[in-house]
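Coordinate inspection notes
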Amino acid sequence: MMELLGKMPRKIAIAGSRSKDFFDRYGGLKRIRRLKFWPLDRLLADKYKFPESDAREFAEFLNPLLDFAPEKRPTAAQCLQHPWLNEAE
């Protein structure tokens, strides 16, 4: 997820019961030094061969669902209002 979304907020990284196994006190990964940042729209287009516009639109729908902070994620009702789900209507 960090390769898709960027660095995890420190507050979230160190909050878990086993976070000390995976993160240092600054919220950085302990055992992985280099991550290849690959935004979701690029991943969909480059690896999965989505057309550029489809990749962008689908990523705009998915990115908020993947937010590290659960309280920032949209509700199911909010997701149902997203233009990506309502395009075909």
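Described below are features of the structure shown in this document. (Residues numbered from 1 in each chain as written. Predicted model: local features only at pLDDT ≥ 70, side-chain atom pairs only at ≥ 80, totals over all residues. Heavy atoms only, no water.)

What about the environment of N86?
- For N86, the position within the fold is in helix 7 (residues 83–86).
- Not counting residues within four places of it along the chain, the set of residues in contact with N86 comprises L80 and Q81.
- Engagement of the side chain of N86 in a polar contact is seen with the backbone oxygen of L80, the distance being 3.1 Å.
- Of the polar contacts made by the side chain of N86, one reaches the backbone oxygen of Q81; its length is 3.4 Å. (Helix = DSSP H or I, 4+ residues; strand = E, 2+ residues; numbered from the N terminus. Contact = heavy atoms within 4.5 Å. Polar contact = N/O pair within 3.5 Å; in protein donor to acceptor, adjacent residues only side chain to side chain.)

A closer look at the side chain of H82
- You can see H82 is positioned in the loop between helix 6 (76–80) and helix 7.
- Beyond its immediate sequence surroundings of up to four residues, H82 is in contact with E60 and F61.

Quick notes on the packing of aromatic side chains
- The full count for this structure, using the stated rule, is 3 aromatic pairs.
- When the centroid spacing of 6.0 Å and the interplanar angle of 0 degrees are considered together, the rings of F50 and F58 count as stacked.
- The class for F50 is partly exposed, based on a relative accessible area of 29%.
- According to the relative accessible area criterion, F58 is buried, its value standing at 19%.
- Three or more aromatic residues joined by ring pairs form one cluster here, namely F50, F58, F61 and W84.
- When the ring centre of W38 is taken as origin, the NZ or CZ atom of K36, which lies over that ring, is 4.6 Å away. (Phe/Tyr/Trp six-rings, centres within 6.5 Å; stacked < 30°, edge-to-face > 60°. Buried < 20%, exposed > 50% of the residue type's maximum accessible area, 1.4 Å probe, protein only. Lys NZ or Arg CZ within 6 Å of the ring centre and 35° of its normal.)

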